[in-house]
Amino acid sequence: MKRTVTAVLTGLALCGSSLSQAAEIPRDLEIDAGSLTVSKKELVCLALNDYWESRGEPLEGRLAVAQVVLNRAMDERFPSNLCSVVFQYRHSQNCQFYWACTGKSIEPTDRAAWRESVLLASTVLDRQSGLQALTGGAKWFHATYVKPNWGGGLKVSRKIARHVFYREANADRSQGSEDFAEWSEDRLNDTQVATNSR
């Protein structure tokens, strides 16, 4: 396995458009692709979301934001690819994550913080992570200083530091406890079966 893993987002088609910026996994980090539940590109997308969306939060809050991305990927109303979830609607006013639609460079500028984000994403996406659901299946969140107009019909499931997390009002608290590793294995197996049957 190569010591260096470079995940380049340049040219990666997401939601009908391509990104022109790139992010690299720090050269001294060994990421075992076999231990990940997703591709390295998806790991980088989750790390970028942590870096830009929640790096100033306590660990529990950062993990909860990562779980929102995973919860969306497991919900058929959202894309199943983490990059597609993170960059969904990036060219509209309905952008899922504000940082992804500002038009500014997405390349991390703080090396130490970027390293932490990559480590957090690789831990969350490790097949053996055993991460517990922190938000009762939340698929939405916002900062406490924001008053969004999309909260109707949703129920606050948890507040962690400066973020408020929401789930469907009719969903019970046990929803969202589906294991992402199992879900992603099923997704991979379904893809392989479809490819082999062609």
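To be clear, the structure that these remarks concern was listed above.
Since the model is a prediction, treat every value here as computed from it, not as a measurement.

Student: Would you take a moment to explain the overall build of the chain for this structure?
Tutor: In terms of regular secondary structure, the chain is built from five helices and five strands. When the helices and strands of the chain are listed from N to C terminus, the series reads β-β-α-α-α-α-β-β-β-α. Considering the chain as a whole, with its 198 residues, one finds that 46% of them fall into the buried category. Of the contacts made within the chain by residues no fewer than 6 positions apart, 66% connect residues no fewer than 24 positions apart. Per element, the accessible surface of the chain, about 10,700 Å² overall, is 47% carbon and sulfur.

Student: I'm lost on the pattern of salt bridges in this one. Help?
Tutor: Side chains that differ in charge, positive against negative, can pair when their charged atoms come close. Evaluation of the coordinates by the stated rule reveals nine salt bridges. Among the salt bridges present, the one from Arg62 reaches Asp50, with a minimum N-O distance of 2.5 Å. Of this pair, Arg62 sits in helix α2 (residues 59-73) while Asp50 sits in helix α1 (residues 40-54), and the two are twelve residues apart along the sequence. When sorted by exposure, Arg62 lands in the same class as Asp50, which is buried. Taking the shortest distance from any N to any O, the salt bridge between Glu60 and Arg158 comes out at 2.7 Å. Of this pair, Glu60 sits in helix α2 while Arg158 sits in strand β4 (residues 154-160), and the two are 98 residues apart along the sequence.

Student: Help me understand the side chain of Glu168 in this model?
Tutor: Structurally, Glu168 is set in strand β5 (residues 163-168). Within the local environment of Glu168, its side chain forms a polar contact with the side chain of Arg77, the two groups lying 2.4 Å apart. Among all residues touching Glu168, those that are not within four sequence positions of it are Arg77, Lys139, Trp140, Gly153, Leu154 and Lys155.

So, how was this worked out
Residues numbered from 1 in each chain as written. Predicted model: local features only at pLDDT ≥ 70, side-chain atom pairs only at ≥ 80, totals over all residues. Heavy atoms only, no water. Helix = DSSP H or I, 4+ residues; strand = E, 2+ residues; numbered from the N terminus. Buried < 20%, exposed > 50% of the residue type's maximum accessible area, 1.4 Å probe, protein only. Contact = heavy atoms within 4.5 Å. Areas by Shrake-Rupley, 256 points an atom, 1.4 Å probe, with all protein chains shown as cover. Salt bridge = Lys/Arg side-chain N within 4 Å of Asp/Glu carboxyl O. Polar contact = N/O pair within 3.5 Å; in protein donor to acceptor, adjacent residues only side chain to side chain.

Remember that the coordinates give geometry; whether it matters functionally is a separate question.
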